[in-house]
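Secondary and tertiary structure notes
So the chains spell out like this:
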Amino acid sequence: MEASEKQLKKETKTMKKLFSVILILVLALSLVACGKKEEGGEGGGEKKTMKLAIVYTALGDFWDICGSGGKKRVEELKTEYPDYEIELECTAASERGLTAQIQVVENIIALGYDAMTIAAADAEGLTPVINQAVDAGMFVLTMDTDCPDSKRAAFVGTHNENFGRKLAQFAVDWVEGGPKVIVNHGAIAQLGMIQRLKGITDVVAENASNGAELLDYQSPVDISS
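Numbering of residues begins from 1 in every chain and follows the order in which that chain's sequence is written. Residues qualify for local features only when their pLDDT is at least 70, as the model is predicted, and side-chain atom pairs are given and counted only at 80 or more; totals for whole chains, interfaces and linings, by contrast, use all residues. Only hydrogens and water are set aside; all other atoms, that is, all heavy atoms of the structure, feed into the side-chain values.

What to know about the overall build of the protein
What counts, and what does not: Helix and strand labels come from DSSP, where a helix needs a run of H or I of at least four residues and a strand needs a run of E of at least two; each type is numbered from the N terminus. Note on areas: Shrake-Rupley with a 1.4 Å probe; residue coverage comes only from the protein chains shown.
Helix and strand content of the protein: six helices and seven strands. Seen in sequence order, the protein has helices and strands lined up from the N terminus as α-β-α-β-α-β-α-β-β-α-β-α-β. Surface summary for the protein: the accessible area is close to 11,800 Å², and the carbon and sulfur share equals 51%.

Laid out in structure tokens, this is it:
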């Protein structure tokens, strides 16, 4: 296959993943708004304020683009729910790490936000502060990476193990004689990353007799602390 065709496939897969995360944000914001609308009810008079937050695992261009999708959805929600003045804050800690993300969430709780959608840096470590947010009356969703044991209302995202399997299967189908795989992953503390890695390792193991081999895991970050 020509190099240009390989690059096109790579760019297409990147755009599909980006589009899928934007859809996650759109759906998550819709669920948040519906939840708060049902709590508040409808009626005339002065507009009610609905304060929403999207919390990323980190700052960066990727999440900025996703946030743009969330902001567009909020503009649509303002039309759908005219009784509400809807505010949206897209934020992340300036430093990677569980402790820094907990501080962001605690600040959101203190500022009295109505709802939050969060991509969790650490499933287990973030659970207590998510529960604190819910106990304070906040409607909480997780996106992209989940905290399944928390009190969050729902998780919106991909099936991460299947996602990992698809990635590995792409490599297996691409390379004759079996690929030699190095996984350059994000923070291993993220449940989504753990699930994706399982999908990758399972497919590589299933194709070991054909020459597939997992050489190494490499992570440029550790955001578990």
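Text resumes after the structure shown.
What to know about the side chain of R196
Which entries qualify depends on this criterion: Residue contacts follow a heavy-atom distance rule, with two residues in contact if any of their heavy atoms lie within 4.5 Å.
Within the fold, R196 resides in helix α6 (residues 191–206). Apart from residues lying up to four places away in sequence, R196 is in contact with D144, T158, N160, E161, F163 and G164.

Overview of the pairing of strand β4 (residues 139–143)
Quick note on the threshold: Burial classes: relative accessible area under 20% of the type maximum marks a residue as buried, over 50% as exposed, and values in between as partly exposed (1.4 Å probe, protein chains only). For two strands to be treated as a pair, DSSP must find at least two bridges joining them.
Within β4, five of the five residues are buried, which leaves the element mostly enclosed by the surrounding structure. In β4, alternate side chains face the same way, and those of F139, L141 and M143 on one face and V140 and T142 on the other are all buried. Where strand β3 (residues 115–118) lies against β4, four bridges are found, and the strand directions are parallel. Across the sheet, residue M116 finds its bridge partner in β4, namely V140. Here three bridges tie β4 to strand β5 (residues 154–156), and the two strands are oriented parallel to one another. Bridging from a neighbouring strand, T142 pairs with F155 of β5.

Some details on the sheet that holds strand β1 (residues 48–55)
Using the following cut-off: Axis definition: a line fit to C-alpha positions, over the contact stretch in the case of helices; interaxial angles, taken between N-to-C directions, run 0 to 180 degrees.
Strand order in this open sheet of five strands is β2-β1-β3-β4-β5, and the pairing throughout is parallel. Strand pairing shows two members of the sheet lacking a second neighbour, β2 (84–91) and β5, which therefore form its edges. Recorded for the sheet is a direction-independent mean angle of 20° between the axes of neighbouring strands. Where helix α4 (residues 123–135) meets the sheet, it contacts β3 and β4, and its direction lies at approximately 150° from that of β4.

A look at the confidence of the model for the protein
For the record, the criterion: Confidence of the predictor at the level of single residues is captured by pLDDT, which takes values from 0 to 100.
Counting all residues, the mean pLDDT for the protein is 76, and 72% of those residues have values of 70 or more. In this model, residues 1–23 is a region of pLDDT below 50 whose contacts with residues beyond four sequence positions or in other chains number 19 contacts. Contacts for the low-pLDDT stretch residues 221–225, under 50 throughout, to residues beyond four places or in other chains number 15 contacts.

Thoughts on the environment of V156
By secondary structure assignment, the location of V156 is in strand β5. Its relative accessible area of 8% is what places V156 among the buried residues. Sequence separation between V156 and T142 is 14 residues, and the spatial gap between their C-alpha atoms is 6.4 Å.

Examining helix α2 (residues 61–80)
Heads up, the condition is: A helix is expected to span 1.5 Å multiplied by its residue count minus one. Each direction from the helix axis to a C-beta atom contributes to the arc, which is the arc of those directions.
Its 20 residues give α2 an end-to-end C-alpha distance of 29 Å, which sits within 8% of 28 Å, the value for a rise of 1.5 Å per residue. Along α2, the residues classified as buried are W63, C66, G67, G69, G70, R73, V74 and L77. Relative to the axis of α2, the buried residues are bounded by an arc of 155° and lie together on one face. Exposed positions of α2 whose direction lies more than 90 degrees from the buried face are D61, K72 and T79.

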